[in-house]
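Remarks on the overall topology
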Amino acid sequence: MPLLNNQTNKYHLRMSNVRVRFAPSPTGPLHIGGVRTALYNYLFAKKNGGTFILRIEDTDQTRYVPEAEEYIIKSLEWFGIKPEEGPGIGGDFGPYRQSERKDLYGQYVTDLIEKGHAYYCFDTSAELTTWREKNEAQKIYGVKYNHATRMEMRNSLSLSKEETDRLLKEGENVTVRLKIPTGRNIEFEDAVRGAVSFNSDELDDKIILKGDGMPTYHLANIVDDHLMEITHVIRGEEWLPSTAHHVLMYEMFGWTAPSFSHLPLILKPVGSGKLSKRDGAKFGFPVFPLEWHDKEEDKTYQGFKEDGFLPEAVTNFLSLLGWNPGTDEEMFSLEELIKAFDPSRIVKSGAKFDIDKARWFNQQYIIAKPNTELVDLLLPIATEKGFDVSEDFMLKFADLMKERAEVIPDFFTAGGFFFEMPTEIDQKMAKKKYKLENRPHFDALIESMEGMQQFTSSSLESVVKSYIADNELSFGAIMPILRLGACGTMKGPDLFETMELLGKDTVVSRMKESIEIFSALKKAQNG
Ligand code: GLU
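Residues numbered from 1 in each chain as written. Predicted model: local features only at pLDDT ≥ 70, side-chain atom pairs only at ≥ 80, totals over all residues. Heavy atoms only, no water.

1. Some thoughts on the nonpolar core
One finds Phe353, Phe397, Phe411, Phe418, Met449 and Leu482 to be the most contacted residues of the largest nonpolar core, which totals 109 residues. Per element, the largest residue contribution to this core is 9 residues, and it comes from helix H2 (residues 32-47). With residues up to four places along the chain from it excluded, the contact list for Leu482 reads Phe442, Leu445, Met449, Val464, Leu495, Met499 and Met511. Counting 35 residues, the second-largest nonpolar core is a separate cluster that includes Ile53, Val176, Ala244 and Phe260. (Core = buried A, V, L, I, M, F, W, Y, C linked by side-chain atoms within 4.5 Å. Buried < 20%, exposed > 50% of the residue type's maximum accessible area, 1.4 Å probe, protein only. Helix = DSSP H or I, 4+ residues; strand = E, 2+ residues; numbered from the N terminus. Contact = heavy atoms within 4.5 Å.)

The structure is reproduced here in structure tokens:
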């Protein structure tokens, strides 16, 4: 068998040539919409035996936030969305941070200039502002630097060759813009939206190289997608208009464009428009995966993680924001999503963000989670709250409470009485259910409990039930008071199991104290 050279080897080792990338800009925390983009790319790659790549698009130095890249990586990690290539991971197509690729973009700019598809511009930002203001004064808003205006500006098309050379030598404020051809209908097929077309006369001559020598998103994105052999671009709908420029650039370079899929927007829960970080604050739900401290605002945003969501629940929820499996099935693990994911079922219309649905998913995943894994999450919280509890206690606690928690903190709000008697007991209920004449029965029941050898739910059940039967009492007269007396609230899991976990000493002392309180309340009520 002939030896394969490295190149062929690399090709054959790859299971398929599907290569997709998630290309966030580290300008802040990853929004939940970005996580969905990453997820769909990942699912598509895995489904097709392809490669999922993380590329950091950090060419905009003015908006660069140093902590953002680490945040993005940690967030993907939390969801179990693992890139095969990327910063810190490596791969044959690196570097994967655009700032580290800075030097390679120049040749592509030169290529476009030489082919007459791009030109140098010398307008300063002050000049551009004055130009815009002048137009606005004549009620021309949003004026574009394009075929209609480019000759009024200072660039290599409008200026003489000598002047251009002189300004290039000076080297200040030199940017490069695309020369968008006129009268073209730019058509491309979007895998989600079908045929999309743009009139080239409507497009602006976008800057591809900035004054600081950095490429803009448009250039770097195209060059890197080409060099990294990206086959499918799956990204948010907000990039759809730019795709017209991108398609033209592929043509200018003579490269084959990848397939495009533009994902629908994630909409606000109420009203219209895109879900924003302000909505999270307004409606009280997270829009970021992990906690983020915004230095500028000096404000910390809680993430899904800190709010007690499980990553597998969030991925399941996000998978269905803009995609459906074509069946009624809703529960999908990441593995199942890979199998079920069919990009032709991505929808065109925006998907409303519904936090209640996210909470529902979370509840399903909490219920399905093995108790030992829940304890890994719950025990540190209990310890932090200063509760001195054993792992065994927490295992039983998790088991009793898991059906009642939508998010992890619910274990402690709904089940706080497992750790300490609530300071505020449900007085209204106590007044309604407690009868002074039953006091001797409660005293007797407490005494029986005190005498029990084994304080198990089944023995408690038989002690209480036979007492009720022997004394011809009603369940309604006894059970609610036992629950209120031991837990301070009417809400909770099975009472006898709850009591068993609380333990004899706690139940007896809480009951003794509660009965005194209930009696006092009742006496006060009766006047
Ligand atoms: N850097 C762009 C962003 O922040 C990437 C868009 C694309 O995927 O092409 O979303």
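2. Things to note about helix H20 (residues 495-502)
Across the 8 residues that make up H20, a large majority, 6, are buried. Looking at H20, one finds that the buried residues are Leu495, Phe496, Thr498, Met499, Leu501 and Leu502. On the buried face of H20, the contacting elements are helix H14 (391-401), helix H17 (439-451), helix H18 (457-470), helix H19 (475-487) and helix H21 (504-526). By the N-cap criterion, in which a side-chain oxygen at the helix start approaches the backbone nitrogen of a residue two or three places on, H20 is capped by Asp494, the distance to Phe496 being 3.1 Å. Note on H20: the residue one or two positions beyond its end, Gly503, has a positive phi of about 90°. (Polar contact = N/O pair within 3.5 Å; in protein donor to acceptor, adjacent residues only side chain to side chain.)

3. Concerning the sheet that holds strand E3 (residues 118-121)
Hydrogen bonds between backbone groups are what pair the strands of a sheet, and the pairing can be parallel or antiparallel. Strand order across the open sheet formed by 3 strands is E3-E4-E7, with antiparallel pairing between neighbours. The open sheet terminates on both sides in strands that have one partner only, identified here as E3 and strand E7 (207-209). The mean angle between the axes of side-by-side strands here comes to 40°, regardless of whether they run parallel or antiparallel. Taken together, the 4 bridges between E3 and strand E4 (residues 175-178) define a ladder with antiparallel strand orientation. Considered in E4, the bridge of Ala118 is made with Leu178. (Pairing = 2+ DSSP bridges. Axes fitted to C-alpha atoms, helices over the stretch in contact; angles between N-to-C directions.)

4. What to know about the confidence of the model for the protein chain
Confidence in the prediction of the protein chain, expressed as mean pLDDT, is 94, and 97% of residues score 70 or more. Contacts for the low-pLDDT stretch residues 1-14, under 50 throughout, to residues beyond four places or in other chains number 7 contacts. (pLDDT = per-residue confidence, 0-100.)

5. As for the environment of Pro264
Tracing the chain through its elements places Pro264 in the loop between strand E9 (259-263) and strand E10 (266-267). Owing to a relative accessible area of 1%, Pro264 belongs among the buried residues under this scheme. Residues Pro264 and Val223, 41 residues apart in the sequence, show an inter-C-alpha distance of 25 Å. When neighbours within four sequence positions are excluded, Pro264 is seen to be in contact with Arg36, Glu237, Gly322, Ile346, Val347, Lys348, Ser349 and Gly350.

6. Thoughts on the packing of helix H7 (residues 217-227) against helix H8 (residues 240-253)
A packed helix pair is summarised by two numbers, namely the angle formed by the two axes and the spacing between the axes. Direction vectors running N to C along H7 and H8 enclose 55°, while the axes themselves pass 10 Å from each other. As the angle between them shows, H7 and H8 are arranged oblique. Seen from above, H7 lies across H8 with right-handed handedness. Contacts between H7 and H8 involve Tyr217, His218, Leu219, Asn221, Ile222, Val223 and Asp225 from the former and Ser242, His246, Met249, Tyr250 and Phe253 from the latter. (Parallel < 35°, antiparallel > 145°, perpendicular 65-115°, else oblique. Left-handed = near helix turned anticlockwise from the far one by under 90°.)

7. Section: the pattern of salt bridges
Side-chain pairs of opposite charge can arise where the charged atoms are in close proximity. Taken as a whole and judged by the stated rule, the model has 33 salt bridges. We note a salt bridge from Arg150 to Asp205, for which the minimum N-O separation is 2.7 Å. Within this pair, whereas Arg150 is found in the loop between helix H5 (125-137) and helix H6 (161-170), its partner Asp205 is found in the loop between strand E6 (194-199) and E7, the two being separated by 55 residues in sequence. Since its relative accessible area comes to 8%, Arg150 is described here as buried. (Salt bridge = Lys/Arg side-chain N within 4 Å of Asp/Glu carboxyl O.)

8. As for the packing of aromatic side chains
Taken as a whole, this structure holds 30 aromatic pairs when the rule is applied. For the ring pair Phe397 and Phe419, a centre distance of 4.9 Å and an interplane angle of 70° mean the geometry is edge-to-face. Of the two residues, Phe397 sits in helix H14 while Phe419 sits in the loop between helix H15 (408-414) and helix H16 (427-433), which places them 22 residues apart along the sequence. In this structure Phe419 comes out as buried when scored by relative accessible area, which is 14%. Positioned above the aromatic ring of Phe93 is the side chain of Arg19, whose terminal nitrogen or guanidinium carbon lies 3.8 Å from the ring centre. (Phe/Tyr/Trp six-rings, centres within 6.5 Å; stacked < 30°, edge-to-face > 60°. Lys NZ or Arg CZ within 6 Å of the ring centre and 35° of its normal.)

9. Things to note about the environment of Pro286
Checked against the element boundaries, Pro286 lands in the loop between helix H9 (277-283) and strand E11 (292-294). Take Pro286: its relative accessible area is 4%, and that puts it in the buried class. With 184 residues separating them in the primary sequence, Pro286 and Lys102 have C-alpha atoms 35 Å apart. Beyond its immediate stretch of four places on either side in the chain, Pro286 contacts Gln302, Gly303, Phe304, Asp307, Phe309, Phe353 and Ile355.

10. A word on the layout of surface pockets
Looking at the largest pocket, its volume works out to about 1400 Å³. Listed by contribution, the elements that provide at least two residues to the lining of the largest pocket are strand E1 (19-22), H2, H7, strand E8 (232-236) and E11. The residue makeup of the lining of the largest pocket, split by class, is 19 nonpolar, 14 polar and 17 charged. Taken together, 23 residues line the second largest pocket, and the ones lying closest to its centre are Gly308, Leu377, Ile381, Ile408 and Pro409. Sorting the residues of the lining of the second largest pocket by element identifies helix H10 (311-319), helix H13 (371-384) and H15 as the ones contributing at least two each. (1 Å grid on protein atoms, 1.4 Å probe; cavity = no way out; pocket = protein on both sides within 12 Å on 5 of 7 lines; lining within 4 Å. Points joined across faces, edges and corners; volume = space filled by probe spheres on them. Nonpolar A, V, L, I, M, F, W, Y, C, P; charged D, E, K, R; others polar.)

11. Some thoughts on H17
The end-to-end C-alpha distance of H17 is 19 Å, a good match for the 18 Å that 13 residues give at a rise of 1.5 Å each. For H17, the full list of buried residues reads His441, Phe442, Leu445, Ile446 and Met449. One face of H17 carries all of its buried residues, which in axial projection span an arc of 135°. More than 90 degrees from the buried face of H17, the exposed residues found are Pro440, Glu447 and Gly451. Buried-residue contacts for H17 involve H18, H19, H20 and H21. (Expected span 1.5 Å × (residues − 1). Arc of directions from axis to C-beta.)

12. With respect to the pairing of E8
Counting buried residues in E8 gives 5 out of 5 residues, a clear majority hidden from the surface. With 5 bridges joining them, E8 and E9 adopt parallel strand pairing. Pairing of Arg235 across the sheet is with His262, part of E9. Tracing the backbone out of E8, into H8 and back to the parallel element E9 gives a crossover that is right-handed. (Right-handed = clockwise from strand over helix to strand, strands pointing away.)

13. Thoughts on the packing of helix H4 (residues 102-114) against H7
Contact geometry of H4 with H7 gives a least axis separation of 10 Å together with a crossing angle of 100°. In terms of axis orientation, H4 runs roughly perpendicular to H7. Only Leu219, Ala220, Val223, Asp224 and Leu227 of H7 make contact with H4, whose side of the interface consists of Leu104, Tyr105, Tyr108 and Val109. Tallied by class, residues from the contact of H4 with H7 come to 8 nonpolar, no polar and 1 charged.

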